[in-house]
Amino acid sequence: MTAQSLLDGLDDEQRVAAEALLGPVCLLAGAGTGKTRAITHRIAYGVATGVYPPGRVMALTFTSRAAGELRGRLRQLGAGGVSARTFHASALSQLGFFWPQVVGGTMPRILESKGRLIAHAAESLKLKLDTPTLRDLAAEIEWRKVSRLTLDQYAAVVEGRATPDSLDATRMVALHGAYERVKDERRQIDFEDVLLATAGMLESEPWVAQQVREQYRFFVVDEYQDVSPLQQALLELWLGDRQDVCVVGDASQTIYSFAGASSDLLLSFPSRYPNSTVVRLEQNYRSTPAIVETANQLMRDRAGSLRLRAAVGSEPAPGKAQPKVIAPSVTTYRDDRAEARGVAGQIADLVAAGSRPQDIAVLYRINVQGAVLEAALGDAGIGYQLKGGKRFFDLPEVKQTLMMLKGASVANTVEPLFKTVSDVLRSLGWTQEAPETRGAVRDRWESLNAIMGLAESAVPGTTLRQFSDDLYERSAGQHEPTMDAVTLATLHSAKGLEWETVFVIGLSEGLVPISYAKTPAAVDEERRLLYVGVTRARERLHLSFAEAAPKRSTPRQPSRFLAELRSRTPDAAATASRR
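Cut-off values and rules
- Along each chain, residue indices are assigned from 1 in the same order as the chain's sequence is written.
- Reporting in this predicted model follows two pLDDT cut-offs: at least 70 for local features of residues, and 80 or more for side-chain atom pairs to be given and counted; totals over whole chains, interfaces and linings ignore these cut-offs and use all residues.
- Only hydrogens and water are set aside when side-chain values are computed; all heavy atoms of the structure are taken into account.
- At least two DSSP bridges between two strands are needed for those strands to be called paired.
- By definition, any uninterrupted DSSP run of H or I lasting at least four residues is a helix, any uninterrupted run of E lasting at least two residues is a strand, and each is numbered from the N terminus.
- Axis definition: a line fitted to C-alpha atoms, limited for helices to the stretch in contact. Angles are taken between N-to-C directions and run from 0 to 180 degrees.
- Only heavy atoms enter the contact rule, under which two residues are in contact if any of them lie within 4.5 Å.
- A 1.4 Å probe rolled over the protein chains alone gives each residue an accessible area, and that area as a share of the maximum for its type sets the label: buried under 20%, exposed over 50%, partly exposed in between.
- Reported orientations rely on four angle classes, namely roughly parallel under 35 degrees, roughly antiparallel over 145, roughly perpendicular from 65 to 115, and oblique for the rest.
- Residue ranges assigned to each domain were obtained from an automatic or database domain assignment.

### Regarding the sheet that holds strand β6 (residues 218-221)
Part 1 of the argument: Strand order in this open sheet of six strands is β3-β2-β6-β7-β1-β8, and the pairing throughout is parallel. Edge strands, defined here as strands with exactly one partner in the open sheet, are β3 (83-86) and β8 (277-281). Pairwise comparison of adjacent strand axes, ignoring direction, gives a mean angle of 15° for this sheet.
Part 2 of the argument: Lying over the sheet, helix α5 (residues 87-102) contacts β2 (57-61), β3 and β6, oriented at roughly 105° with respect to β3.

Set out below in structure tokens:
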């Protein structure tokens, strides 16, 4: 692929971003504006023109799935030698390499979960805590660490924090201290310690910092609005006195403040780097004009918000069909069960009309809302998958398939890829036709069929060995294939994904915004969370809420955000839904 061809097909804004290779660069990229396309073509263009040695580029993101997608796209663009990792993966690699030289011995074992250790710390203080409190404590410990607060600094601010009712400020600080002691005694570190220890090593050992900076010269940081103070400190240590960094983000999609994220770093980037190139990506290629207008209305006059423009009348992004124009709807239901049945009925109608289940998602604020949806979809005979449930590559049948494909790849075969993969899958019970029944048998078939789908969509000429290696790379990056099922997900877990049709349910006061969002800043975060949900939809967007709440005599009130949007969206289904 030539350097010029990498610029072909980019819009004017994306092209400016791709050609800005040196110095500080800030891409303010709205939802659906092709930011991943812009940054991957920018990196590949830098490699193709000789500005970037591939091995000296580091692309940083926040999930293994996003990192895997970046690596895959960069390979296709001829920049396969570029590193694309999460902050944690990058830090862990450096920590594991330098630990024997700086500290000596092997690196401590990393905690898989904080819960059990926090429980032991609580027992040492003669405290007995339930599971929800342990989860809240784990989140608070993570917040303290990514905010780079010592125990003394945390003690000074804990009074203003939302902490479990059973624990006062003194006990909270004591628990944090006990957790650190128990962890040290067992020679373990948690995920935040990986970042803290790496930063400490770079700060205290100049030769380590020099070696890392010689390895990586050019940095790209995706989802920069989600960067915590600790991650920012680590980024600055990797950069040293250099300024070859490109940050990409959208202030309107800052939804992890509880984890230490803040859009302040993104919005202040031009003032911190006065010589920076700032590019605004506002041409939306994902959604219909009506959905884009709904998103704009929701974020109107909000600090740092971008004004999206629907790409109507122009060529859609490569591989995308021109979206159909269908107005978003707002529906009022009698209660949660009626809402779930109504949504399941609409989904059944869409599937009967030709929509694929995997192109449909139902989004909600908290996990417990998913239970009634599961029941309604099950009654309607519609398959679904829970985003955030058991990972695809951890399923027993998938693990078995990967092992068998790897074994088969050792033998030299001239058979087409799809034939070999089909034979392996058939030996595990896969058939061309889906089972008629629902449940575990159908779920197993869906998993095997997803692997068959990957084989059928592989590039012509792909060998079984290459296909097997790709599956293991997907497994390491949790880059899961698309399943033939409706997706159920919280608004938080839907970030970075998109579907043809999106239902956002439960839009009432107490859910969106959530009941504990008491401050203006917290309510603004809830607004951004709904914005993320709205901008996941390509063609159809359905918003709804239920009037009656379980075990409550007073009816729910519609979300204040819904009230803002309702004047611009049809409510024709409301009467029928109530009846």
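### Considering the side chain of S228
Part 1 of the argument: Note on placement: S228 falls in the loop between β6 and α12 (229-239).
Part 2 of the argument: By relative accessible area, S228 is classed as buried at 3%.
Part 3 of the argument: Ignoring any residue separated from it by four or fewer positions in sequence, one finds S228 in contact with V146, A259 and G260.

### Some words on the packing of helix α15 (residues 289-298) against helix α22 (residues 520-534)
Part 1 of the argument: Where α15 meets α22, the axes come as close as 10 Å, and the angle between the chain directions of the two elements is 175°. Classified by the angle their axes make, α15 and α22 are roughly antiparallel. In contact with I291, T294, A295 and L298 of α15, α22 contributes R527, L530, Y531 and V534.

### Details of the domain arrangement of the chain
Part 1 of the argument: When its domains are assigned, the chain resolves into domain 1 (3-91 + 196-281), domain 2 (109-186), domain 3 (329-390 + 485-566) and domain 4 (392-477).
Part 2 of the argument: On a C-alpha basis, the centres of domain 3 and domain 4 stand 33 Å from each other.

### Some remarks on the pairing of β6
Part 1 of the argument: Going residue by residue along β6, you find F218 and V220 tucked away on one face and F219 and V221 tucked away on the opposite face as well.
Part 2 of the argument: Summarising the sheet, β2 and β6 pair through four bridges and their orientation is parallel. Bridge assignment links L60 to a residue of β6, and that residue is V221.
Part 3 of the argument: As paired strands, β6 and strand β7 (residues 245-249) are joined by three bridges and run parallel to one another.

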